[in-house]
Amino acid sequence: LGYFTYDPGFMSTASCRSDITFIDGEKGILMYRGYPIEQLAEHSTYLETCYLLLYGELPTATELETFTRIIQKHSMPHQAIRRFYDGFRHDAHPMAIMVGVFGALSAFFHDSTDVHNPHHREIAAHRMISKMPTIAAWSYKYAIGQPFLYPDNELGYSENFLRMMFGVPTERYEPNPIFAKALDLILILHADHEQNASTSTVRLSGSSEANPFAAVSAGIASLWGPLHGGANEKVVRMLEDIVESGQKVEHFVDRAKDKDDPFRLMGFGHRVYKNYDPRAKIIRKMCHELLRQMGAENQPMFEVAMELERIAMEDDYFKERKLYPNVDFYSGLILRAMGIPLNMFTAIFALARIVGWNAHWCEMMQDPESRIGRPRQLYTGAAPRDYVPIEKR
Ligand code: CMC
């Protein structure tokens, strides 16, 4: 028993060495490959950030052009993949569809089982980054019963996703450039976050040398939970509940503080950031700007959000526990303002994190210290005893 460290939730266990992302939760610092998130948010694009996370360096203009072409080339899933959607109920959650369809992709790329071949690993990463917008958008189209749109490779990554979400085959769709920019920012900010639950899941499932598409499907499942990627969806549901209840925001803040009440303020607090989440700082500005530009500030839900932000940040309970609004508080608001349906919020988080999962999987597969993940436990069950025949129990 004494050989193992008991660390539920892995609060103080480093599971690997990694060169990809640095977080200092006390100081509120986040860097991808050494570049501060603030600079990437201001100057980069999602695809450039993908290149950085995968290859460790910012691309030259030629490298970025080649990478963009490769990503565009793989954007169509196999035609048979379309049929997987038909197996789902009409009201399936897009994340449920994505877990299934992504897992199914593992059956289409046999070269990906050669996980020790760096070239095959790279192609697997390209395919996943490329197909993710199509798979995510189709899961929404399926849910609303509209025809699926094929990718338009003339468009940028975020624009293409918006078109596949909101376009219809009979009309020309012009993606709103403000929305495309906001989405690209959300994707950059969510692209990686070191050993969070879903990335650790991808690493753990991948550590058995499983097919990477299947390992990433496990990551999507982990992300779905409300304490992880599901939080942005929960934020909006909570705000809607507050508006509908007609009660004051203070009432909900009090409930969140009450230890006998399971209610928590969704979009507040973070396991690592015990200071302001640096991503929240960036996205907060974009959120306020977008709401102003759209004239949406006075809509009840956004008014409630701003009031909640103000009250909670002045409240001693939240101050003492260093519970600040996290990135999902604002990404939920932005996505809502853009007209993205609620059940697609976490799917968009998955869209962003696809590169992080792949960067970590590739890093793990080439790390000579990497071994199959196999946590131990502290056994708390029955002492040794003898089997009792059923008639004597
Ligand atoms: N509302 C009210 N109280 C809270 C909240 C909250 N949102 N978050 C934490 N607390 C309290 C908690 O009750 C505890 O109080 P005490 O010390 O008196 O027992 C203290 O703060 C520490 O909380 P914890 O649950 O031990 O912290 P954790 O690191 O295990 O959990 C968290 C982190 C993010 C799961 C949690 O803060 C939470 O549930 N937040 C709401 C859900 C959310 O917004 N999740 C998105 C996280 S960011 C995106 C991502 O990484 O996926």
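Residues numbered from 1 in each chain as written. Predicted model: local features only at pLDDT ≥ 70, side-chain atom pairs only at ≥ 80, totals over all residues.

Not every one of the 18 residues close to the ligand is listed here, only the nearest: Ala231, Arg264, Phe268, Gly269 and Arg271. Here the shell around the ligand is built from residues that sort into 7 nonpolar, 7 polar and 4 charged. (Near = placed C-beta within 6 Å. Nonpolar A, V, L, I, M, F, W, Y, C, P; charged D, E, K, R; others polar.)

This brings us to the sheet that holds strand β3 (residues 35-36). Here we have 3 strands laid out as an open sheet, ordered β1-β2-β3, and antiparallel in their pairing. Of all the strands in the sheet, the pair left with one neighbour each is β1 (21-24) and β3. (Pairing = 2+ DSSP bridges. Helix = DSSP H or I, 4+ residues; strand = E, 2+ residues; numbered from the N terminus.)

Those places that UniProt annotates as "transmembrane region" (unreviewed entry) correspond, in this numbering, to residues 329-355. In the segment residues 329-355, helix accounts for 74% and strand for 0%; the C-alpha atoms at its two ends are 22 Å apart. (UniProt positions renumbered as here; feature names shortened; annotations may be inferred.)

Let us look at the packing of helix α11 (residues 231-245) against helix α14 (residues 300-314). Relative to each other, α11 and α14 sit at 105°, their axes nearing to 9 Å. Taken as axis vectors, α11 and α14 run roughly perpendicular relative to one another. Listed contacts from α14 to Leu239, Glu240, Ile242 and Val243 of α11 are Pro300, Met301, Val304 and Ala305. Residue composition of the contact of α11 with α14, by class: 7 nonpolar, no polar and 1 charged. (Axes fitted to C-alpha atoms, helices over the stretch in contact; angles between N-to-C directions. Parallel < 35°, antiparallel > 145°, perpendicular 65-115°, else oblique. Contact = placed C-beta atoms within 7 Å.)

Phi at arginine 33 is positive, roughly 50°, even though this residue is not glycine. With respect to the helices and strands, arginine 33 occurs in the loop between β2 (29-32) and β3. You can call arginine 33 partly exposed: it has 19 C-beta atoms within 10 Å. (Buried ≥ 20, exposed ≤ 12 C-beta atoms within 10 Å, placed from the backbone.)

Quick look at the nonpolar core now. Ranked by size, the top nonpolar core spans 109 residues in total, and within it Met98, Ile283, Ile334, Ile348 and Leu351 carry the most contacts. Residue contributions to this core peak at 14 residues, all from helix α17 (residues 345-365). Once residues lying within four places of it in the same chain are set aside, the contact partners of methionine 98 are Ile135, Ala136, Ser139, Ile220, Ala347 and Ala350. (Core = buried A, V, L, I, M, F, W, Y, C linked by C-beta atoms within 7 Å.)

What follows deals with the pairing of β2. Going residue by residue along β2, you find Leu30 and Tyr32 tucked away on one face and Ile29 and Met31 left uncovered on the opposite face. The pairing of β1 with β2 spans 4 bridges and is antiparallel. Note on β2: the bridge partner recorded for aspartate 24 is isoleucine 29. The turn joining β1 and β2, which pair antiparallel and follow one another in sequence, is formed by 4 residues; a positive phi near 75° is taken by glycine 28.

It is worth spelling out the UniProt feature "active site" (unreviewed entry) in the protein chain at this point. Residues annotated in UniProt with the feature "active site" (unreviewed entry) correspond here to His270 and Asp328. Look at the named residues: they lie 59 residues apart in sequence, but the longest C-alpha span between them is just 10.3 Å, so in the fold they bunch up. With respect to the element layout, histidine 270 can be found in the loop between α12 (249-257) and α13 (278-294). Residue class for histidine 270 comes out buried when judged on the 22 C-beta atoms lying within 10 Å of it. Examined against the element boundaries, aspartate 328 turns out to sit in helix α16 (residues 327-337). Look past the residues within four positions of aspartate 328 in its chain and what remains in contact with it is Ala231, Asn232, Val235 and Gly267.

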